[in-house]
Every structure is written in C-alpha cells, then in structure tokens.
Amino acid sequence: MLNKIKVTDDKLIEKVAVLHRPFLNKFMRFLTFLGDQGKIWIAIWAVIFYVSRSIYVGVSILVSVLFAFVSSEVIIKRIVGRVRPCHKIDEENLVLKRIPKFYSFPSSHSATSFAMVTLTLMHCSLWTTLIVLVLAIGISFSRFYLQAHYLTDVVCGIVIGIVCSFAMYKIIEAVFYAVDPALIK
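Residues numbered from 1 in each chain as written. Predicted model: local features only at pLDDT ≥ 70, side-chain atom pairs only at ≥ 80, totals over all residues. Heavy atoms only, no water.

Structural notes on the overall build of the protein chain
Secondary structure summary: the protein chain contains seven helices and zero strands in total. In sequence order, the protein chain lays out its α and β elements as α-α-α-α-α-α-α. Here the protein chain holds 185 residues, and the buried ones make up 44% of them. In the protein chain, once contacts between residues fewer than 6 apart in sequence are set aside, the share between residues at least 24 apart is 79%. Working note: accessible area of the protein chain is about 10,400 Å², and carbon and sulfur atoms make up 72% of it. Each charge class in the protein chain was averaged separately, 20 positive and 11 negative side chains, and the resulting centres sit 3 Å apart. (Helix = DSSP H or I, 4+ residues; strand = E, 2+ residues; numbered from the N terminus. Buried < 20%, exposed > 50% of the residue type's maximum accessible area, 1.4 Å probe, protein only. Contact = heavy atoms within 4.5 Å. Areas by Shrake-Rupley, 256 points an atom, 1.4 Å probe, with all protein chains shown as cover. Lys, Arg positive; Asp, Glu negative; His and termini not counted. Charge placed at Lys NZ, Arg CZ, Asp CG, Glu CD.)

In structure tokens, the structure reads:
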C-alpha cells in the first residue's frame, strides 16, 4: 500500500512539472512566501482579533494554528522523515529558490492554513472564511506545484490542520467556560 502511494506521488510530481511556466512559478513562490512562518495567518489573526475584540476568539485561533504547526513541523515530520521531492530533482529543473532543509511529510503550510480555515469558519463571517479558504488552497497547492511536497503531504497536512483545530477549539472552549462562561462570545 505505501509503495503504491509513493509511486502515485512520484507520478503526480512529474505531471505537475508540465504546468510550470515562468509567471505561474513566480505566483506560486509568492503564495508559498505568504505561508512561510505563518506570515499571512498572523496578519489575518491580528485583524480578526482586533475586529472581534474577543480574547476567546484570539486565543482559540492562535493556539489552534500553533498546535497544527507544532504537530506537523516539529513532531510528525521528525518521526516520519520523508525526503522532499525537490531533493530528488535535478537543480536545473527546480522552481523553488530556497530548498527546504527539513522533511516533507506532512506539509506544515497546509496544516496551519487549514487550521486557520477551520477556526475562521467557527468564529467569523462567511466572507472572511471564503477569503481564508482561497488563500489556504492556494498556499497548499503551491507547495505541491513547487515540488516542496508530495500531494499526500499536502492532503495529510490539511487533515492534520482540521483535526488539530477542532481538538484545540474544544479544549479552549472548555477552559474558557470553566474560567468564566461570559468570555465565550
């Protein structure tokens, strides 16, 4: 089963290379840049926190995204140790400017992106959620397009982000409710 997944991932990486065009490469590098170190999510979190004026919403989003990051980047990647596709590609065929040093599985860009989507869905308007969803899809796809991750890395990152955000949402809700139910708005 795992071998079949690896073979399929390798075939999909070859197929995505056919899409590479100079303009599209720049656009995908820009999307990845937005996801680097959670730049875009920190900015959006700050706006949501400022607009909502809710400690509960701010803490819920921030802790959930951080939990998704730590779970994917710090814990799971080091356990699985999967080599990135860009480490297997000839230098002249690379579209990434800086090659990531660490492992591939799962995509922490995807995990943090979809943790953010999940929490905006729970706390924000539909329009805010749609904007975050479009950004999250773009950032996640850019990781596959740029050959920094296999498709399974991205998909599993998305699942991890959603699961982590639901788990932290429930924990934070219980803590805030125990401290003062009025804090949950």
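Points about the packing of helix α1 (residues 2–17) against helix α6 (residues 126–145)
Two numbers describe how α1 lies on α6: the axes approach to 9 Å, and their chain directions differ by 100 degrees. Put simply, α1 runs roughly perpendicular to α6. On the side of α1, the interface is formed by Leu12, Ile13 and Val16, while α6 contributes Phe141, Phe144 and Tyr145. Tallied by class, the residues present in the contact of α1 with α6 amount to six nonpolar, no polar and no charged. (Axes fitted to C-alpha atoms, helices over the stretch in contact; angles between N-to-C directions. Parallel < 35°, antiparallel > 145°, perpendicular 65-115°, else oblique. Nonpolar A, V, L, I, M, F, W, Y, C, P; charged D, E, K, R; others polar.)

By themselves, these are just geometric observations and shouldn't be taken as functional.
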